[in-house]
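# Reading the structure
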Amino acid sequence: AGSITRTVSAQPLSTSMSAVSGSGSHAGTATLTAKLLLTGGNEGVGSKSIAFSLSGTAVGFAVTDSSGVATLTNVSLSGKDAGSYTGAITATFGGDTSHATSTATGDLAVAKANQSITFDQPVTPQLINAQFTVSPAASSGLTVSLAASGGCSIANGTVTMTSATVACTLTTSQAGNGNYNAA
């Protein structure tokens, strides 16, 4: 009897992408994550390269850990205001000889950034009726409010000492906006 040959084709295992998300602060960086799973189960697929894009722009690759989670850090949020961006992250596994491709999208959360205020310590002590200027600045670039109390007054950034015995207290503040917390 003759031999019979049969061909059996191979098919890569189906995969799915889940838990695609990202978060960071305005004017800072974000961390993006995604999980690569075998389809139909919760088994993560490790040691696979995942490509991430943010709002359609490729931002890098990360390799999945033994649980199938890929984490990409230090992704620039330049041009992203604070808020929620639905579907802004795309995670793609390009497939290999054993596993099929998969892609999913997820949301990006951009928090308000913190800011700080700086200004130089005025020369002290000051004589009564002495005038000096102060120029506080916020790291955000937003306008800073300046208030004077005690033995001084302020007008247009110029402080005037009004007492020879009461200390002058200068207080700065910045209310924040849609992208920055108050300082």
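Residues numbered from 1 in each chain as written. Predicted model: local features only at pLDDT ≥ 70, side-chain atom pairs only at ≥ 80, totals over all residues. Heavy atoms only, no water.

### As for the overall build of the protein
Defined as follows: Numbering of helices and strands starts at the N terminus; helices are DSSP runs of H or I of at least 4 residues and strands are runs of E of at least 2. Radius of gyration here is computed from C-alpha atoms only, and the compact-globule reference equals 2.2 Å multiplied by the residue count raised to the power 0.38. Whether two residues are in contact is decided by their heavy atoms: any pair within 4.5 Å suffices. Surface accessibility in these figures is a Shrake-Rupley result with a 1.4 Å probe; residues are shielded only by whichever protein chains are displayed. In this tally, Lys and Arg are treated as positive and Asp and Glu as negative; His is ignored, and so are the chain termini. Working definition for charges: the position is that of NZ of Lys, CZ of Arg, CG of Asp or CD of Glu.
Along the protein, the regular secondary structure elements total zero helices and 14 strands. Start at the N end of the protein and walk to the C end: the helices and strands fall as β-β-β-β-β-β-β-β-β-β-β-β-β-β. A globule of 183 residues ought to have a C-alpha radius of gyration of about 16 Å, yet the protein, at 29 Å, is considerably larger. Partitioning the contacts of the protein with sequence separation of at least 6, the portion at a separation of at least 24 is 54%. In the structure as shown, the protein presents an accessible area of about 10,600 Å², 49% of it carried by carbon and sulfur atoms. Of the side chains in the protein, 5 bear a positive and 6 a negative charge, and the two mean positions are spaced by 12 Å.

### A word on the pattern of salt bridges
Test applied: Whenever Lys or Arg places a side-chain nitrogen within 4 Å of a carboxyl oxygen from Asp or Glu, that contact is recorded as a salt bridge. Here the term buried applies to any residue with accessible area under 20% of the maximum for its type, exposed to any over 50%, and partly exposed to those in between, with areas from a 1.4 Å probe on protein chains only.
Counted under the stated rule, the structure contains one salt bridge. Lys48 is the partner of Asp96 in a salt bridge, and the nearest nitrogen-oxygen pair spans 2.5 Å. Here Lys48 lies in the loop between strand 2 (29–38) and strand 3 (49–54) and Asp96 lies in the loop between strand 6 (83–93) and strand 7 (102–111), a separation of 48 residues in the sequence. According to the relative accessible area criterion, Asp96 is partly exposed, its value standing at 30%.

### Things to note about the side chain of Lys48
Cut-off, in case you're wondering: Polar contacts, as used here, are pairs of N or O atoms within 3.5 Å; protein pairs need one atom able to donate a hydrogen and one able to accept it. Residues neighboring in sequence count only if both atoms are side-chain atoms.
For Lys48, a relative accessible area of 16% corresponds to the buried category. A polar side-chain atom of Lys48 sits 2.5 Å from a polar atom in the side chain of Asp96. Not counting residues within four places of it along the chain, the set of residues in contact with Lys48 comprises Leu36, Ala62, Val63, Thr64, Phe93, Asp96 and His99.

### Thoughts on the sheet that holds strand 13 (residues 158–161)
Formally: DSSP-based pairing: two strands are paired if at least 2 bridges between them are found. Helix axes are fitted only over the stretch in contact, all axes being lines through C-alpha atoms; the angle between N-to-C directions runs from 0 to 180 degrees.
The strand order across the open sheet built from three strands is 9-13-12, with neighbouring strands paired in antiparallel fashion. Unpaired on one side and paired on the other, strand 9 (131–133) and strand 12 (152–155) mark the two borders of the sheet. Between one strand and the next, the sheet's axes are offset by a mean angle of 25°, whatever the strand orientation. Where strand 12 meets strand 13, four bridges bridge the pair, whose relative direction is antiparallel. Bridge pairing in strand 13 links Ala155 to Thr158.

### Side note on the packing of aromatic side chains
Test applied: When the centres of two rings from Phe, Tyr and Trp lie within 6.5 Å, Trp using its six-membered ring, the rings pair. Their planes under 30 degrees apart give stacked, over 60 give edge-to-face, and anything left gives tilted. Whether a charge sits over a ring comes down to the Lys NZ or Arg CZ being within 6 Å of the ring centre and within 35 degrees of the ring normal.
The tally for this structure, following the rule as stated, stands at zero aromatic pairs. Directly above the ring of Tyr85 sits Lys80, whose terminal nitrogen or CZ lies 4.6 Å from the centroid.

### What to know about the nonpolar core
For clarity, the cut-off: Residues grouped as a nonpolar core are buried Ala, Val, Leu, Ile, Met, Phe, Trp, Tyr and Cys residues, joined through side-chain atoms within 4.5 Å.
Residues Met17, Leu32, Ile50, Phe52 and Leu108 are the most contacted members of the largest nonpolar core, which totals 23 residues. Listed by contribution, the elements that provide at least two residues to this core are strand 1 (15–25), strand 2, strand 3, strand 5 (69–76), strand 6 and strand 7. At five residues, the largest contribution of residues to this core is made by strand 2. When neighbours within four sequence positions are excluded, Ile50 is seen to be in contact with Met17, Leu36, Gly60, Phe61, Ala62, Thr64, Ala70, Ala91, Thr92 and Phe93.

### Looking at the side chain of Gln115
Tracing the backbone shows Gln115 in the loop between strand 7 and strand 8 (117–118). Engagement of the side chain of Gln115 in a polar contact is seen with the side chain of Gln174, the distance being 2.8 Å. Polar contacts involving the side chain of Gln115 include one to the main-chain carbonyl oxygen of Asn181, which spans 2.8 Å. Leave out the neighbours within four places in its chain, and Gln115 touches Ala138, Ser139, Ser140, Leu142, Gln174, Gly176, Tyr180, Asn181, Ala182 and Ala183.

### Topic: the environment of Gly151
Within the secondary structure layout, Gly151 lies in the loop between strand 11 (145–150) and strand 12. Take Gly151: its relative accessible area is 2%, and that puts it in the buried class. A sequence separation of 23 residues divides Gly151 from Ile128, and the C-alpha atoms of the two residues are 8.8 Å apart. When residues no more than four places from it in sequence are discounted, the contact partners of Gly151 are Thr160, Met161, Thr162, Ser163, Val166, Ala167 and Cys168.

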